Amino acid sequence: MFSNFKERFMTALAPDLPPLPSSERSDHHHRRFGNQQMPDKFPYARPPFLQLLTVDELRASADHNVRPIIVPRDINLLPWGTGYAECVNSGKSEWNEDQGAFCRRVLSDPEHKHPDLPYTYFGIFDGHAGYGAALAASHQFHHILHETLVDCIELLLPRDTEGGENGRLNPTFPHPIYFQRRVSKDELIIGALESAFFSMDSLIAQDSNRYRDAGGCTACVSLFIDGKMYVANAGDSRAVLCQRRANAPAEPKNDSVIEPDPLEATCYPVPFSADHTPETERERLLNVARLKPHLMANQYVAMEYAKRPHIKDMGQRILCRQGTMKGWTYKTLTRDDLRMPVVNGEGKRSRLLGTLGVSRGFGDHELLAINTGIQIKPFLTPHPDVRQRDLTQVVSIPDEHNQDGDYGVLVMATDGLWDVSENEAVSRTVFQTLSKYPTEKHRYTMVAQELVARARGKINDSGHWRLADSKAAATVDDISVIVIPVYQYYQEHIEWTQNYTRDLEKRRRQAQANMAQEAQEVSVLNGGVMAEEAHVEEEEEDGEVVVLEAKAQIQTEPQAQPHAQAEEVLVVEISAPVEQAPQQPATSTAAAAESQKDSAAVTQQQQRSRGKGHKGKH
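Everything numeric in this text was worked out from a predicted model, so none of it was measured. (Residues numbered from 1 in each chain as written. Predicted model: local features only at pLDDT ≥ 70, side-chain atom pairs only at ≥ 80, totals over all residues. Heavy atoms only, no water.)

A. Quick peek at the overall build of the protein chain. A tally of regular secondary structure across the protein chain gives 14 helices and 24 strands. By the burial criterion, 41% of the 618 residues in the protein chain qualify as buried. Of all intrachain contacts in the protein chain linking residues separated by at least 6 positions in sequence, the fraction that spans at least 24 positions is 70%. In the form shown here, the protein chain has an accessible surface area of approximately 36,000 Å², with 51% of it arising from carbon and sulfur atoms. (Helix = DSSP H or I, 4+ residues; strand = E, 2+ residues; numbered from the N terminus. Buried < 20%, exposed > 50% of the residue type's maximum accessible area, 1.4 Å probe, protein only. Contact = heavy atoms within 4.5 Å. Areas by Shrake-Rupley, 256 points an atom, 1.4 Å probe, with all protein chains shown as cover.)

The structure is reproduced here in structure tokens:
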């Protein structure tokens, strides 16, 4: 009863709010395969860090009339005080098709011989033709990225460059010197990002056989690892690093000269991504169509014309270019030239096969061109452009207190922001808002909220959304913005580096102590003597003396001789040197043998008497 009352109450407050996706509305949210319904892989939801957990909150966030700006309830859920804000479209689609995500994980050595390497990932995804692809990417992409990083973990983990174990490289732990080509850590991380993009697109393709059509989405991802920032983008979402120069010394004011705004003079944006639209990638798309003409099915033409051809221009010359051509050339207009071009329109209105406004991203495996039904996916690619920045090379003077300006503030947003906002304007808004909240912990959240509010604009009396400053049309698309303070990550990296250095020194001291202990044990074993070790005396008499030492203990039966002691038996063999042995006749051989026996007996008797003398002294 309470649920019914609550439902009626919400309907009365906001009668235009769309209902949540459910299994009962299978015609719109499920695709049929034979007689079976294809379910969603993930139920519709907003990013977890927004904590919109109830049905009423989800419905309220999708109000197209109010377009509320949603920010995290608990800003501590995002690292470094990172800001996030979003708002739904003005009626373009039923639900907010944007998604945001972040993840903090650690790369660990399985053998625990190297320190852990932490990293942080942020992602923003702009869906089209449904929210399924963006939702799947927000749930799964960070897992795929972690797997690709683990694949090259042995080359990413920090190493003891002073030699490792006993100064030798461990062949079971690959090192770049074993490769035929030089491979840097930057190339490994860039390769991991690129591989993760392709794997995510393949996963969406595999799921199309079990779940309903997920549509497609763009992807803009940032990765902070090992003191560096990497940004990978596929589509028309954008990442801009907003920076600011330190304030110059104040000069005497001149009342006759209008001084510019200090923020306008010192703030500047640095693009960290490029938009992938049919217009910006016209050359690639035309080249694909020229090399694979069967993809056009005689419905399109892989040409670009300086003037749109008409049937009345048949037989006349017209300027055109195709494929990878940089310049223009003339050709005679034929009937084939009257077909629709692969890329038509300009700017944000450019379309691929007259249907899609982006040329890279995830999904769209079942998207067909309008009117012709030709598959669009062969023209698309998930391959991202990756850019990087080494934060350890940034020069920042602490006394200037310009860390956010030197290291920059990274703004990642969907095209809902960039359609109506220039990079320079976004950079100014970032530092203007930060100056209003110099010490507040939620200052970056306020930046994200201000960016969304300016792009959304205000609704006028006629129900149209207009920008507050210029009265121009505001964006009607979903808006999602992530504001990342890069310097906060760098501080965390410095702390990790210090801990790593201390841990490395501790490992080295422990290794040196272990080596010293092992050396001491070896010396004790080598320097020890046995209590009953025999002492051999070598004597030379008219030739070479060879002494054969034997340790023998003559033991008798316990009953017969209980106190008998072992005796040392020395066998002495005396032989003359070969080079000094004279030739003797055969008759003297027996006499020589008898002489040797007598000498051996005398020597053995002397040795026994000496042994008895030593025993008496002990």
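B. Local environment of the environment of Phe362. Relative to the elements of secondary structure, Phe362 occurs in strand 17 (residues 362–363). Note: C-alpha distance between Phe362 and Ser199 (163 residues apart in sequence) is 9.8 Å. When near neighbours in sequence (up to four residues on either side) are disregarded, Phe362 contacts Phe125, Ala137, Phe141, Phe197, Met200, Asp201, Ile204, Gly215, Gly216, Cys217, Ala219 and Pro382.

C. Representation of the confidence of the model for the protein chain within the structure. A residue-level look at the protein chain finds 73% of positions with pLDDT of 70 or above and a mean pLDDT of 79. Predicted confidence is poor over residues 22–35, with pLDDT under 50, and the contacts of this stretch with residues over four places away or in other chains come to 30 contacts. Taken as a whole, residues 534–593 scores under 50 in pLDDT and shows 41 contacts with residues more than four places along the chain or in a different chain. (pLDDT = per-residue confidence, 0-100.)

D. View of the packing of aromatic side chains. Per the counting criterion, the structure on display carries 18 aromatic pairs. Between Phe49 and Tyr84 the ring centres are 5.0 Å apart and the planes differ by 85°, which places this aromatic pair in the edge-to-face class. In this pair, Phe49 sits in the loop between strand 2 (36–38) and helix 3 (55–61) while Tyr84 sits in strand 3 (residues 83–87), placing the two residues 35 residues apart along the sequence. Ring geometry for Trp496 versus Tyr500: centroids 5.6 Å apart, planes at 5°, classification stacked. With Trp496 and Tyr500 both in helix 13 (residues 486–527) and 4 residues apart, the pair spans about one turn of that helix. Judged on exposure class, the residue Trp496 and its partner Tyr500 are both buried. For Arg212, the ring lying beneath its charged end belongs to Tyr131, and the centroid distance is 5.1 Å. The positively charged end of Arg443 is found above the aromatic ring belonging to Tyr444, 5.3 Å away from the centroid. (Phe/Tyr/Trp six-rings, centres within 6.5 Å; stacked < 30°, edge-to-face > 60°. Lys NZ or Arg CZ within 6 Å of the ring centre and 35° of its normal.)

E. Structural view of the pairing of strand 6 (residues 216–225). The buried fraction of strand 6 is high, at 10 of 10 residues. Judged by which residues are buried, strand 6 turns out to be covered on both faces: Gly216, Thr218, Cys220, Ser222 and Phe224 on one side and Cys217, Ala219, Val221, Leu223 and Ile225 on the other are all buried. For strand 5 (residues 117–128) and strand 6, the ladder comprises 10 bridges, and the chain directions are antiparallel. Across the sheet, the residue bridging to Gly127 is Cys217, located in strand 6. (Pairing = 2+ DSSP bridges.)

F. Geometry of the pattern of salt bridges. Summed over all chains, the structure comprises 24 salt bridges. Between Arg212 and Asp40 there is a salt bridge; the shortest N-O distance is 2.1 Å. Residue Arg212 is located in the loop between helix 6 (185–207) and strand 6, and its partner Asp40 is located in the loop between strand 2 and helix 3; the two are separated by 172 residues in the primary sequence. For Arg212, a relative accessible area of 13% gives the class buried. On the basis of relative accessibility, which here comes to 22%, the residue Asp40 falls in the partly exposed class. Glu304 is the partner of Arg321 in a salt bridge, and the nearest nitrogen-oxygen pair spans 3.0 Å. Of this pair, Arg321 sits in strand 12 (residues 317–321) while Glu304 sits in strand 11 (residues 304–305), placing them 17 residues apart in sequence. There is no split in this pair, since Arg321 and Glu304 are both buried. (Salt bridge = Lys/Arg side-chain N within 4 Å of Asp/Glu carboxyl O.)

G. Quick peek at the packing of helix 11 (residues 423–436) against helix 12 (residues 443–456). The contact between helix 11 and helix 12 brings their axes to 9 Å, and the two run at 135°. The angle between helix 11 and helix 12 falls in the class oblique. At the point where helix 11 passes helix 12, the crossing takes the right-handed sense. Along the contact surface, helix 11 presents Val426, Thr429, Val430, Gln432, Thr433 and Leu434, while helix 12 presents Arg443, Tyr444, Met446, Val447, Glu450, Leu451 and Arg454. Of the residues contributing to the contact of helix 11 with helix 12, the split by class is 7 nonpolar, 3 polar and 3 charged. (Axes fitted to C-alpha atoms, helices over the stretch in contact; angles between N-to-C directions. Parallel < 35°, antiparallel > 145°, perpendicular 65-115°, else oblique. Left-handed = near helix turned anticlockwise from the far one by under 90°. Nonpolar A, V, L, I, M, F, W, Y, C, P; charged D, E, K, R; others polar.)

H. Main features of the environment of Tyr268. Mapped onto the secondary structure, Tyr268 falls in strand 9 (residues 267–271). Of the residues examined, Tyr268 reaches a relative accessible area of 26% and is grouped as partly exposed. Distance from Tyr268 to Gly405, taken between C-alpha atoms, is 9.4 Å for residues 137 residues apart in sequence. Setting aside its immediate chain neighbours within four residues, Tyr268 contacts Leu241, Cys242, Gln243, Arg244, Arg245 and Ser427.

I. Structural context of the packing of helix 4 (residues 132–151) against helix 6. Running from N to C, helix 4 and helix 6 cross one another at 135°; their axes reach a closest spacing of 9 Å. Classified by the interaxial angle, the pair formed by helix 4 and helix 6 is oblique. Considering how the two elements wind past one another, helix 4 and helix 6 form a crossing that is right-handed. Contact residues: Ala133, Ala136, Ala137, Gln140, Phe141, Ile144, Leu145, Thr148 and Leu149 in helix 4; Ala192, Leu193, Ser195, Ala196, Phe197, Ser199, Met200, Leu203, Ile204 and Asp207 in helix 6. When grouped by side-chain class, the residues that make up the contact of helix 4 with helix 6 number 14 nonpolar, 4 polar and 1 charged.

J. Structural detail: the sheet that holds strand 12. Ordered in space as 11-12-13, the 3 strands form an open sheet in which the pairing is antiparallel. Both edges of this open sheet fall to strand 11 and strand 13 (329–332), since each of them pairs with a single strand only. Summarising the sheet, strand 11 and strand 12 pair through 2 bridges and their orientation is antiparallel. Bridge pairing links Tyr305 to Cys320 in strand 12.

K. Inspection of the sheet that holds strand 9 at higher detail. The antiparallel open sheet is built from 5 strands, whose spatial order is 3-22-19-8-9. Of all the strands in the sheet, just strand 3 and strand 9 have a single pairing partner and so form its edges. Neighbouring strand axes in the sheet, compared pairwise and without regard to direction, differ in orientation by 20° on average. Where strand 19 (residues 409–413) lies against strand 22 (residues 479–485), 5 bridges are found, and the strand directions are antiparallel. Residue Leu410 lies in a different strand from strand 22, and its bridge partner there is Ile484. Relative to the sheet, helix 11 contacts strand 8 (238–244), strand 9 and strand 19, its axis offset from that of strand 8 by approximately 55°.

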